[in-house]
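Read off the chains here:
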Amino acid sequence: MKIYDVAAYPNPARVRIALAEKNATDKVEFVDVDVMGGEHRTPAFLAKNPNGAVPVLELDDGTTISECTAITEYIDHAFEGPSLGGKTAKERAVVHMMQRRMESGLLDAVGAYFHNATPGLGPDLEGDQNKAWGEKQKQTALKGMQYLNSVLADQPYVAGEQFSMADITAFAGLAFAEFAKIDIPEGLSNLAAWRKTMAARPSIAG
Ligand SMILES: N[C@@H](CCC(=O)N[C@@H](CS)C(=O)NCC(=O)O)C(=O)O
């Protein structure tokens, strides 16, 4: 199976962390996509992901799967190792709820700020910016950080007692925020402590 991505980007990082958690990184062939050169917007790439974004998982039978959550679901079920999506009905529901909160309220909000209110990927790729929307999404991301800090006051991981894909999404969101120069508000001590623990995990520290 192949993963089309750009190694250092925040969404591809989610999938790479998931693979590392399962000790399965070497089961995948990584294909570098020239995003800065616009390769992700060519007809050939849009046939793999009509949203024109990385990462994309391509199975050996030719099936293409985009969206990190869907790719992580595949990885979670295809490989042995710690569960990333929860085991019981309740665990799975809570993981998906929190993963989506971390996506819409943090990672995607940072992305919207980066692509709309900063130079983003540069003038060739950011042709349709909406600065006001981007700034609004920065506020959403800051609220998301406050929310996450409150969640982590009562539990060690984003979705409860176990590490999950919700932690991966949140960690990628904070990394993207740092890259986009969104300062994490002062005093979010639970968030800071959790982030330090995450950064030390072998799947993330490398
Ligand atoms: N919701 C998507 C987001 C994918 C995404 O936005 N990927 C970024 C890289 S981190 C991308 O390809 N951006 C290209 C662009 O903005 O033109 C997922 O979960 O995979």
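Residues numbered from 1 in each chain as written. Predicted model: local features only at pLDDT ≥ 70, side-chain atom pairs only at ≥ 80, totals over all residues. Heavy atoms only, no water.

**Regarding the packing of aromatic side chains**
The final tally for this structure, using the stated rule, is four aromatic pairs. Each ring, one from tyrosine 4 and one from phenylalanine 45, has its centre 6.5 Å from the other, and the planes form 80 degrees; the classification is edge-to-face. Of this pair, tyrosine 4 sits in strand S1 (residues 2–5) while phenylalanine 45 sits in helix H2 (residues 43–46), and the two are 41 residues apart along the sequence. Phenylalanine 45 shares its class with tyrosine 4; the two are buried. Ring-pair connections join several aromatic residues into one group, and the members of that group are Phe114, Phe176 and Phe179. (Phe/Tyr/Trp six-rings, centres within 6.5 Å; stacked < 30°, edge-to-face > 60°. Helix = DSSP H or I, 4+ residues; strand = E, 2+ residues; numbered from the N terminus. Buried < 20%, exposed > 50% of the residue type's maximum accessible area, 1.4 Å probe, protein only.)

**Some words on helix H5 (residues 131–151)**
Every α-helical turn comprises 3.6 residues, leaving residues that sit three or four positions apart pointing alike. For H5, spanning 21 residues, the distance from its first C-alpha to its last is 30 Å, which sits close to the expected 30 Å at 1.5 Å a residue. Among the residues of H5, Gly134, Gln137, Ala141, Leu142, Gly144, Met145, Leu148, Asn149 and Val151 are the ones counted as buried. Check the buried side of H5 and you find it contacts helix H4 (89–117), helix H6 (165–179) and helix H7 (189–200). (Expected span 1.5 Å × (residues − 1). Contact = heavy atoms within 4.5 Å.)

**What about the side chain of lysine 22?**
Of note, lysine 22 is situated in the loop between helix H1 (10–21) and strand S2 (29–32). Judged by relative accessible area, lysine 22 falls into the buried class, the value being 7%. At a separation of 3.4 Å, a polar atom in the side chain of lysine 22 contacts the main-chain carbonyl oxygen of glycine 81. A polar contact is formed between the side chain of lysine 22 and the backbone oxygen of proline 82, at a distance of 2.9 Å. If we ignore the near neighbours within four places in the chain, the residues touching lysine 22 are Ile75, Asp76, Phe79, Glu80, Gly81, Pro82, Ser83 and Leu84. (Polar contact = N/O pair within 3.5 Å; in protein donor to acceptor, adjacent residues only side chain to side chain.)

**With respect to the domain arrangement of the protein chain**
Considered domain by domain, the protein chain is made up of domain 1 (2–78) and domain 2 (89–205). Taking only C-alpha atoms into account, the centre of domain 1 sits 20 Å from that of domain 2. At the interface, 17 residues of domain 1 touch 16 residues of domain 2. Carbon and sulfur atoms make up 62% of the surface buried where domain 1 meets domain 2, a total of about 1,500 Å² over both sides. It is Arg14, Ile17 and Glu21 in domain 1 that bury the most area against domain 2; as a group they hold 36% of the surface buried on that side. If you look at where domain 1 meets domain 2, you find three salt bridges. The partner of arginine 201 in a salt bridge is glutamate 21, and the shortest N-O contact between them spans 2.9 Å. Taken together, the links from domain 1 to domain 2 amount to nine residue pairs in polar contact (both at pLDDT 80 or more). Taken together, the elements giving at least two residues each to the side of domain 1 that touches domain 2 come down to H1 and helix H3 (68–78). With seven residues, H1 is the largest single contributor of residues to the side of domain 1 that touches domain 2. (Domains from an automatic or database assignment. Buried area = accessible area lost by both parts, 1.4 Å probe. Salt bridge = Lys/Arg side-chain N within 4 Å of Asp/Glu carboxyl O.)

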